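Residue-level structure breakdown
The residues making up each chain are set out below.
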Amino acid sequence: MTEESKTTCRACGTAILVRTADATGGYCRSGKCAAEREAKKRAECQRAIIEERVKKGALKLCPLCGNLICSSRLAKHMEGKCEKLPRPHPYATTFPHIPIPEWLVRLASATTLPPLIPLKDVLSDSCFYPSSGLDSSPVLLANGCVHSFVYVDYGTSRDDFNRTMLFPGFSPYRPILSRNVERHEIVPDDWIPQPPRRFDNPGFDGRQRLMEAQSRCLPFGHWSIWQRREKRDERVGPRLFSFLFLGGEALSSFQGLYSRNEMTPKILAIIQPGHACGDNWTNFNDPDAPLWEAISHGAELPEFLLIGSYGGRSISVDCPFAGYTFIKKTWTYEDRTERVIGIYNRNL
Ligand SMILES: [Zn+2]
Ligand SMILES: [Zn+2]
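Because the structure is a prediction, the values reported are computed rather than measured.

We now examine the environment of leucine 140. Structurally, leucine 140 can be placed in helix H6 (residues 137-142). Separated by 192 residues in the primary sequence, leucine 140 and threonine 332 have C-alpha atoms spaced 8.0 Å apart. What leucine 140 contacts, discounting residues up to four positions off in sequence, is Pro168, Gly169 and Thr332.

What follows is the structure, encoded as structure tokens:
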């Protein structure tokens with residue numbers, strides 16, 4: 001008796017009889033290889049069906065994403081579902097977007113920043129974030145409603161500040177122009193801040209905290225223009241934003257920037273200002289405390305408030321400041337901490 005000739009299974013390589021291979025299309029009879037054989041057969045069948053439908057015009061290639069779409073649904077797909085369609089920013093309806101201001105476009109096309117910061121441009125339609133740390137939440141949420149962010153924090157050193165670009169609001173962007181800002185660019189040399197008329201309730205010792213923090217703080221200023229990275233789209237925000245960071249005290253910075261120029265930030269962010277456990281000297285959330293007193297004495301009130309805290313505390317629908325309506329509660333997450341943030345809109 002001659003030994004039957006053998007070959008190997010196309011899937012697993014085991015020696016099999018040619019007879020078996022002829023019967024199975026080249027596979028052994030193990031369950032695993034049988035399943036593979038079935039899958040291949042199904043895929044081929046599917047391919048044939050699709051080819052047929054393309055030939056007949058029932059399926060068409062989407063010119064945007066290159067996927068095959070049912071012809072009757074192609075128009076709808078290209079208007080709504082196509083993954084290559086530019087997606088709107090998720091907060092664009094909460095914070096209506098405005099075009100990138102002309103001054104910012106002009107700055108971004110230059111090779112260096114001007115020797116004097118154009119304060120009025122940078123402050124108009126801006127977001128002011130006192131006691132900011134390096135939290136990028138306002139950039140994540142409101143970039144596009146404002147195109148200029150003004151952060152102030154006396155607890156952030158220059159070294160800490162250099163980590164900024166790692167945070168999620170900033171990371172889809174890269175700084176294309178940046179430089180240090182000198183005090184004389186912000187306020188005239190002889191300008192001094194107005195000391196608060198009163199401190200928070202006695203026993204809290206705000207005056208002492210303020211003096212201590214100010215003696216620790218080495219004031220610095222830094223200004224940069226950020227451009228969106230090529231692969232990112234409107235979903236993270238518009239193409240450009242301006243970012244001014246002042247390592248200084250919040251109230252005097254507000255006075256020197258906004259009050260002195262009779263301007264109002266469009267958005268005010270008060271997120272974990274560090275009153276109780278941090279080293280803030282006054283409660284930013286208290287409508288009778290110095291910060292809000294200064295803000296409410298401006299020509300108008302900020303259009304939006306972002307009021308929040310770190311670590312999942314609840315948000316009150318009653319704004320601590322009169323004249324605002326709660327719109328929604330949201331969360332951001334960065335540096336291993338969740339922020340819960342209430343968004344409030346100025347009453348019309
Ligand atoms: Zn096999
Ligand atoms: Zn498509």
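A separate point is the pairing of strand E13 (residues 337-346). Across seven bridges, the pairing between strand E11 (residues 304-310) and E13 is antiparallel. From the neighbouring strand, tyrosine 310 faces E13, where its bridge partner is arginine 339. Strand direction decides the pairing type here: strand E12 (residues 324-334) and E13, joined by ten bridges, are antiparallel. Paired with tryptophan 331 across the two strands is valine 340, which belongs to E13. Where E12 folds back onto E13 in an antiparallel hairpin, the turn is made up of two residues, including aspartate 335, whose phi is positive at roughly 50°.

This part is about the environment of glycine 169. By the secondary structure assignment, glycine 169 is in the loop between helix H7 (158-161) and strand E7 (173-180). Under the C-beta neighbour-count criterion, glycine 169 is labelled buried, with 26 such atoms within 10 Å. Taking the C-alpha atoms as reference points, glycine 169 and aspartate 135, 34 residues apart in sequence, are found 8.5 Å from one another. Among residues more than four places away in sequence, those in contact with glycine 169 are Ser136, Ser137, Val139 and Leu140.

At aspartate 125, a residue that is not glycine, the phi angle is positive and equals roughly 50°. One can find aspartate 125 in the loop between helix H5 (119-123) and strand E5 (126-130). Aspartate 125 sits in the partly exposed class, given 18 other C-beta atoms within 10 Å. Of note, the phi angle at glutamate 262 is positive, near 50°, even though the residue is not glycine.

The rules behind the values
- Residues numbered from 1 in each chain as written.
- Chains lettered and ligands numbered in written order.
- Predicted model: local features only at pLDDT ≥ 70, side-chain atom pairs only at ≥ 80, totals over all residues.
- Helix = DSSP H or I, 4+ residues; strand = E, 2+ residues; numbered from the N terminus.
- Contact = placed C-beta atoms within 7 Å.
- Pairing = 2+ DSSP bridges.
- Buried ≥ 20, exposed ≤ 12 C-beta atoms within 10 Å, placed from the backbone.

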